[in-house]
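# Understanding the architecture of this molecule
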Amino acid sequence: MKRLRRRLIAALAGAAAGRGLAQSDASSAHARLIEAAAGGRLSDVRRLVDAGASLRARDASGRTALLAATQGNHEAVARLLIESGADVNAQDNQLDSAYLLAGARGYLGILRLTLAAGADLRSTNRYGGTALIPACHYGHVETVGELLKTAIDVDHVNRLGWTALLEAVILGDGGPRHTEIVRLLLAAKADPHIGDRDGVTPLAHAQKSGYRDMVRMLAEATYRPAMTRALEMRRRAVDIGDQAYGAVVLKAGRIAGEAPSRVITSRDGTAHAEREAIRDAQRRLAARVLDGCVLVSTSRPCAACESAAREARIARMIYGETLADAGSPS
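Notes on the structure in this doc start here. (Residues numbered from 1 in each chain as written. Predicted model: local features only at pLDDT ≥ 70, side-chain atom pairs only at ≥ 80, totals over all residues. Heavy atoms only, no water.)

### Remarks on helix α13 (residues 212-239)
Its maximal kink placed at Y223, α13 deviates by approximately 50 degrees, while the proline P225 follows within four residues. In the segment just after α13, G241 is the residue with positive phi, at about 85 degrees. (Bend = angle between axes of the 7 residues up to and from the residue. Helix = DSSP H or I, 4+ residues; strand = E, 2+ residues; numbered from the N terminus.)

### Focus: the nonpolar core
Residues L33, V45, L81, L132, V182, L185 and L218 are the most contacted members of the largest nonpolar core, which totals 69 residues. Sort the elements by how many residues they give to this core and α13 lands first, with 10 residues. (Core = buried A, V, L, I, M, F, W, Y, C linked by side-chain atoms within 4.5 Å. Buried < 20%, exposed > 50% of the residue type's maximum accessible area, 1.4 Å probe, protein only.)

### Notes on the pairing of strand β1 (residues 246-251)
The buried fraction of β1 is high, at five of six residues. Inspection of the sheet shows β1 paired to strand β2 (residues 254-260) by six bridges, in the antiparallel sense. Within β2, the position partnered with G246 by the bridge is P260. A loop of two residues connects β1 with β2, the two strands running antiparallel in sequence, and A252 in this loop sits at a positive phi of about 55 degrees. Of the strand pairs in this sheet, β1 and strand β3 (residues 294-297) are connected by four bridges, and their pairing is antiparallel. Its bridge partner being in β3, V248 is matched across the sheet by V296. (Pairing = 2+ DSSP bridges.)

### A closer look at the packing of helix α12 (residues 202-209) against α13
Contact pair α12 / α13: the axes reach a minimum separation of 9 Å and the direction vectors enclose 155 degrees. Considering their axes alone, α12 and α13 lie roughly antiparallel with respect to each other. Handedness of the crossing formed by α12 with α13: left-handed. Every residue of α13 that contacts α12 at P202, L203, A206 and Q207 is listed here: M214, V215, L218, A219, T222 and Y223. For the contact of α12 with α13, a count of residues per class yields eight nonpolar, two polar and no charged. (Axes fitted to C-alpha atoms, helices over the stretch in contact; angles between N-to-C directions. Parallel < 35°, antiparallel > 145°, perpendicular 65-115°, else oblique. Left-handed = near helix turned anticlockwise from the far one by under 90°. Contact = heavy atoms within 4.5 Å. Nonpolar A, V, L, I, M, F, W, Y, C, P; charged D, E, K, R; others polar.)

### A word on the side chain of S261
Structurally, the position occupied by S261 is in the loop between β2 and α14 (273-285). A polar contact of 3.1 Å, which involves the side chain of S261, links it to the side chain of D242. Those residues within four positions of S261 in sequence are excluded, and the remaining contacts are A237, I240, D242, Q243, Y245, A271, H272 and A273. (Polar contact = N/O pair within 3.5 Å; in protein donor to acceptor, adjacent residues only side chain to side chain.)

### Observations concerning the packing of helix α11 (residues 176-187) against α13
Taken N-terminus to C-terminus, the directions of α11 and α13 make an angle of 10 degrees; their axes are 9 Å apart at the nearest point. Relative to α13, α11 is oriented roughly parallel. In this structure, α11 uses H178, T179, V182, R183 and L186 to contact α13, whose residues at the interface are D213, M214, M217, L218 and A221. Residues of the contact of α11 with α13, tallied by class, amount to six nonpolar, two polar and two charged.

### A few points about α14
A rise of 1.5 Å per residue sets the reference length of α14, with its 13 residues, at 18 Å; its end C-alpha atoms lie 18 Å apart and thus fit the reference within 8%. When we look at burial in α14, the residues that qualify are A273, E274, E276, A277, I278, D280 and A281. If you follow the buried residues of α14, they end up packed against β1, β2, β3 and α15 (303-311). After α14 finishes, the residue A286 shows a positive phi value of roughly 50 degrees. (Expected span 1.5 Å × (residues − 1).)

See below:
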């Protein structure tokens, strides 16, 4: 209510002053407003706004005064313009807005102002990314944290085929800032199973780059739910008097097959948990070949189960409660 009152007062003052602003001087005043905002000259900006210079005016690149102020991280000027009614979502010729640019550059103060003024969380930049994605790219930890307090889509995919999580891994340096961003994204329920256009997941990218801390967090997020289910299968095996093993097959992050060991109860020496889970997945998916699937088991599979996984074209095996990665069975 207080901000609305300020806007109304500013608008009325501007209208009154605008009647004294010669039409021939209007375009010049609009240009001077953008120039003053770009230079961070607060008193000049206030004078021009009071004189009726348009907050909607744009320069040759499509910038408004607010966007020009944001480019220079002139927070006081941005605050005055926003309180006077400037549009935080107005985009220039290359699709930058005050909101999107503040997010990309980590200008936390201006970002907060734009969020409070109704920033469009679904708006995208020239790469088709939300404000969150470049913030992750450039390692702006506080900015990422601020954006994750909103309803922004944490799994939005840009035109490169990357989510914020992928961008933090692929374009990050694997250091403390980007590692913390990965932690924040996972805590916000970012989906670690979404791969790039080639299907390569954030975990696989982190493994390729040797980012150990990221690998640990991503492996936990990617496979812990499946391991929890595999442990439930192991408990089921024990409950029915069988060997203490359980396994799960994942396809695109979802359980496609699961089983406890049935060696004793079925009197079948081949009914190991891993083989039974593979068979269950083949039945459910109506496919003998399980390309792209992952086998998660409570213990390292025996040689026969590894052979069965290779034959089914299982892409990867994860085993043990510590989520050790056995790599590809091929």
